[in-house]
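# Residue-level structural notes
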Amino acid sequence: MISAGLIFAGLVLLLVGAETMIRGAVAIARRLDISPHVIGLTVIAFGTSAPELFVSLKAAMHGSPGIAIGNVIGSNIANILLMIGTVGVISPFVCGGAPLRRDGMALILGTIVFVGIGMHGIIERWHGAVMLALLVGYLLYCYYEERRRPDSVHAKEVEEFDALPTSTWRSVLYTVGGLIGVLVGARLLVDGAVDVANRAGISETVIGITVVAVGTSLPELATTLVAALRRHSDVALGNIIGSNIFNTLGILGTVALVTPLPIPPEVMSLDLWFMLGVTVVFVAMAIKLPAFSRPWALVFFAAYVAFITNQFVPVNTLTFASY
């Protein structure tokens, strides 16, 4: 019960802390007269992925690489299947647009890089440096391509955050307080998840892919839901893709620079390839389809349920011995 309480408290702190930190940082950036496009490309992208970053960093330094790697893989899968599957039922996503094609291809490239490094068995520090360099290159390319468009997707992301703090001191308080909340939440979530895994005899990787990943994806889910309800489908899809790019290149790159990340063998057998397959299918559909209709949303949700179920009851362990 104590461990479950730690997990719940950690999830709440991650969600509230990330939301508060983003609002404070956006308010500060606006006061510094930073363009909405740059705010969306950097502040919001980092803020919504902050829970994944600090949880993975904490887990890696705690000696739990399974949670660190599982968190990124599980978050990427949840961002696609769970978000399309839940938000899409409420408000279908309309697809299309050049930025979607550009960012989607960048996500596929980043995912392939992750899979390629994963086959090496460990993410070394120099791998992390390459990942971060690719992320910086992508951000610079987006900045120079879209700075002439005042209505770019990343600029529109800023519009989804209203009720910002109105004074400088309050903005700083929001930012610092939110960051502290995320840090404390990450510690509580990792400690609780590790204890639950040890007591239940479940691998840390499975806990990372399921409970931890869903929890750290809550800020993206909230942002995507608000954008979808406001009929800003380009922002909602852009948030999913951008978050996954940051997870894959930014989070793994940063954590690997601090401490090399060994890849758990069970990840290579299915999870990493499933993430790649889901990513490719999602991007292809987002480019080709006019919209993710409700039937497609239900298919995505069913696929996520099947994936999570298989984490706890692998198909290859099912036997008819009881008969």
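In this report, we go over the structure that sits alongside the text. (Residues numbered from 1 in each chain as written. Predicted model: local features only at pLDDT ≥ 70, side-chain atom pairs only at ≥ 80, totals over all residues. Heavy atoms only, no water.)

Moving on, we get to the packing of helix 3 (residues 65-90) against helix 8 (residues 204-216). It is at 7 Å that the axes of helix 3 and helix 8 come closest, and there the two elements cross at 50°. The orientation of helix 3 with respect to helix 8, classified from their angle, is oblique. As for how helix 3 packs across helix 8, the hand of that crossing is right-handed. Residues Gly 66, Ile 67, Gly 70, Asn 71, Gly 74, Ser 75 and Leu 82 of helix 3 lie in contact with helix 8, whose contacting residues are Glu 204, Thr 205, Gly 208, Ile 209, Val 212, Ala 213, Val 214 and Thr 216. Among the residues forming the contact of helix 3 with helix 8, the class breakdown is six nonpolar, eight polar and one charged. (Axes fitted to C-alpha atoms, helices over the stretch in contact; angles between N-to-C directions. Helix = DSSP H or I, 4+ residues; strand = E, 2+ residues; numbered from the N terminus. Parallel < 35°, antiparallel > 145°, perpendicular 65-115°, else oblique. Left-handed = near helix turned anticlockwise from the far one by under 90°. Contact = heavy atoms within 4.5 Å. Nonpolar A, V, L, I, M, F, W, Y, C, P; charged D, E, K, R; others polar.)

Core analysis: the biggest nonpolar cluster contains 79 residues, and Ile 123, Phe 282 and Phe 292 have the highest contact counts within it. In this structure, Ile 22, Val 26, Ile 44 and Leu 164 belong to the second largest nonpolar core, which totals five residues. (Core = buried A, V, L, I, M, F, W, Y, C linked by side-chain atoms within 4.5 Å. Buried < 20%, exposed > 50% of the residue type's maximum accessible area, 1.4 Å probe, protein only.)

Considering all chains together, one arrives at four aromatic pairs under this definition. Judged by centre distance (5.8 Å) and plane angle (20°), the ring pair of Phe 282 and Phe 292 falls under stacked. With Phe 282 in helix 11 (residues 265-288) and Phe 292 in strand 4 (residues 291-292), this residue pair connects regions lying ten residues apart in the sequence. The pair Phe 282 / Phe 292 is uniform in exposure class, with both members buried. Residues Tyr 304 and Phe 307 carry aromatic rings whose centres are separated by 6.5 Å and whose planes lie at 40° to one another, so their mutual orientation is tilted. Linking Tyr 304 with Phe 307, this pair stays in helix 12 (residues 294-312), spanning three residues, or about one helical turn. For Phe 307, a relative accessible area of 4% gives the class buried. Three or more aromatic residues joined by ring pairs form one cluster here, namely Phe 274, Tyr 304 and Phe 307. (Phe/Tyr/Trp six-rings, centres within 6.5 Å; stacked < 30°, edge-to-face > 60°.)

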